[in-house]
Amino acid sequence: MTENPDDESGWENLFGEARQWVTAVPFMPVTGNHDEVDDHAERFVSHFNVPVNGSESSIVGTTYSFDFGEAHFVMLNTESKLKDQAKWLEQDLAATNKKWLIVSLHRGPYGGNQKESVLKQFVPLFDKYKVDLVLQGHNHEYARSYPLRNNKIVSDAEGTVYVVTNTSGQKFN
């Protein structure tokens, strides 16, 4: 969310720019590599009020899920404890009956600078539970995959689409 989580002026700038939207629309953040540093994310989590229902081994506020209408959203933390999160993710996805499954994470399994541990730990679960959309960041660019299942292009109705959502600041790749 900011370049340096300990610099409060970065947070003030973020919320100042987003004020017109965050007062009317929920802001559901995902932890990135500048938000959790050396297993600490206190500055990140102190700025948000999110569900406390995530992976027990993760820092509270860095993993969670929620429902909105016919969609089930899962927020993952790609900076630590991926194996434990995968166990929680499987339980979470198995328990929902929502029509749309949407996952958001920072370092994605596809596009630009891939994270192999995300590909190994999470993608098999995205495939198994037929996640519809994975929103990912980190690369400061826009990218969209074809629908994928088992690392192969499939029809729209059968695959997960992976989208790198660009950047919210001045860093573009």
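As a starting point, this report considers the structure included with it. (Residues numbered from 1 in each chain as written. Predicted model: local features only at pLDDT ≥ 70, side-chain atom pairs only at ≥ 80, totals over all residues. Heavy atoms only, no water.)

Quick notes on helix 1 (residues 8-22)
For helix 1, with 15 residues, the first-to-last C-alpha span of 18 Å runs short of the 21 Å given by 1.5 Å per residue. Within helix 1, the axis deviates most sharply at G16, by approximately 40°. Of the surrounding elements, those touching the buried residues of helix 1 are helix 2 (42-45). (Helix = DSSP H or I, 4+ residues; strand = E, 2+ residues; numbered from the N terminus. Expected span 1.5 Å × (residues − 1). Bend = angle between axes of the 7 residues up to and from the residue. Contact = heavy atoms within 4.5 Å.)

Regarding the nonpolar core
By size, the foremost hydrophobic cluster in this structure holds 21 residues, and its most contacted members are L76, L89, V103, L105, F122 and F126. When residues of this core are traced back to their parent elements, those giving at least two are helix 3 (82-95), strand 3 (100-105), helix 4 (116-121) and helix 5 (123-128). The leading source of residues in this core is helix 3, at five residues. Apart from residues no more than four positions distant in its own chain, F126 is found in contact with L76, L89, V103, L105, V131, V134, R149, T160 and Y162. Core analysis: the next-biggest nonpolar cluster, separate from the first, contains 10 residues, L14, A41, F48 and M75 among them. (Core = buried A, V, L, I, M, F, W, Y, C linked by side-chain atoms within 4.5 Å. Buried < 20%, exposed > 50% of the residue type's maximum accessible area, 1.4 Å probe, protein only.)

Quick word on the side chain of Q85
Looking at the secondary structure, you find Q85 in helix 3. In terms of polar contacts, Q85 uses its side chain to reach the backbone carbonyl oxygen of N77, at 2.6 Å. Discounting residues that sit within four places of it in the chain, Q85 has contacts with S55, S58, T63, L76, N77, S80 and F122. (Polar contact = N/O pair within 3.5 Å; in protein donor to acceptor, adjacent residues only side chain to side chain.)

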